[in-house]
Amino acid sequence: MSSIKVADITKVYRKKPTPALNHLTLEIGNGMFGLLGKNGAGKSTLMKILTTLEQPTSGRAEICGIPLTQPGAIRNIIGYLPQNFAFYPNMKVTAALSYLATLANVPVREQRRRIEQLLDEVNLTAKANVKIQQLSGGMLQRLGIAQALINNPQLLIVDEPTAGLDPEERIRFRNLLTDFASSRTVLLSTHIVSDVEATTNRIGILEHGQLLFTGTTNELIDAATGHVFQALIPLEAAAQFKQTHQISEQVAQADQIRFRFIAGSSTRSPIAPTLEEAYLFLQAEQEGVLP
């Protein structure tokens, strides 16, 4: 059975000319699933609907077989790390988790064992009695995962979890999500392609509230194959080249610049696309700006 079923969901906000979600249909099974999209594509709106924090304007969805019309039942089986996780800064880590465990209806007799286990899993045992305001950005995100898992959920939803983290913390956090996905469903929403590339091969891409693509990373790369090229351009001609091409990478090399670019066709021989270039190709093709 699919963990998430979304059928023809539309979300319209007052005073906004276009829907945040526009007749979106999506099905997600067990394991890790990456949801890619620019800021404003509708990712956070979808997360809020799936976590019952907001209701769709129209359409329907089920979480592990439970419809959105039963928000209490859904909240009992999901964990959620929002884009901006914050908690009372003067509370200590263990006290905060104990408070959240009570709110999540975790039996008192199980709370201590559960909290100790989670702190170990997210590598925060040494910070158990530290105030939240003293945690680094990466530690705060790991605390966010711990609170999202406090009720031992069947489904974990994380929204832009690595934004603002340094490279070491980002890698540690991605590995943590991958470990959790081995025994539950994890929905990772992000605009950072490398986060998806490092954690899962199953992705969906949102643009203007609509699903542009769903499938594997290899399928997305296959779609862009034949549309990525490379050129060495003299410095004096580089500015003009950038104006007429969809650049995905540029590296200075002495008196030249090596460009990778995306195009519908070129006289140059194509090269293998990266996942990020495949993502850019899909967006450029959809927006009709592909040279």
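A. The arrangement of helix 3 (residues 93-103) in detail. Looking only at helix 3, the buried set comprises Val93, Ala96, Leu97, Leu100 and Ala101. Around the axis of helix 3, the buried residues are gathered within 135° of arc, so they sit on the same side. At its buried positions, helix 3 is contacted by helix 4 (108-121) and helix 5 (137-148). Taken from the residues just after helix 3, Asn105 is the one with a positive phi, measuring 65°.

B. Inspection of the sheet that holds strand 5 (residues 66-67) at higher detail. Spatially, 2-1-4-5 is the arrangement adopted by the four strands of the open sheet, whose pairing is antiparallel. Unpaired on one side and paired on the other, strand 2 (21-28) and strand 5 mark the two borders of the sheet. Judged from the five bridges that link them, strand 1 (residues 4-11) and strand 2 form a sheet pairing that is antiparallel. When the bridges of strand 2 are listed, Ile9 appears paired with Leu24. In the packing of helix 1 (residues 43-50) onto the sheet, the strands contacted are strand 1, strand 2 and strand 4 (58-63), and the crossing angle to strand 1 comes to about 120°.

C. Quick look at the packing of helix 3 against helix 4. Remark: helix 3 packs on helix 4, axes separated minimally by 10 Å, with the N-to-C direction vectors making an angle of 125°. In terms of axis orientation, helix 3 runs oblique to helix 4. Seen from above, helix 3 lies across helix 4 with right-handed handedness. When helix 3 is examined against helix 4, the residues Val93, Thr94, Leu97, Ser98, Ala101 and Thr102 are found in contact with a partner set consisting of Gln111, Ile115 and Leu119. The class makeup of the residues in the contact of helix 3 with helix 4 is five nonpolar, four polar and no charged.

Procedures and definitions
- Residues numbered from 1 in each chain as written.
- Predicted model: local features only at pLDDT ≥ 70, side-chain atom pairs only at ≥ 80, totals over all residues.
- Heavy atoms only, no water.
- Buried < 20%, exposed > 50% of the residue type's maximum accessible area, 1.4 Å probe, protein only.
- Helix = DSSP H or I, 4+ residues; strand = E, 2+ residues; numbered from the N terminus.
- Arc of directions from axis to C-beta.
- Contact = heavy atoms within 4.5 Å.
- Pairing = 2+ DSSP bridges.
- Axes fitted to C-alpha atoms, helices over the stretch in contact; angles between N-to-C directions.
- Parallel < 35°, antiparallel > 145°, perpendicular 65-115°, else oblique.
- Left-handed = near helix turned anticlockwise from the far one by under 90°.
- Nonpolar A, V, L, I, M, F, W, Y, C, P; charged D, E, K, R; others polar.

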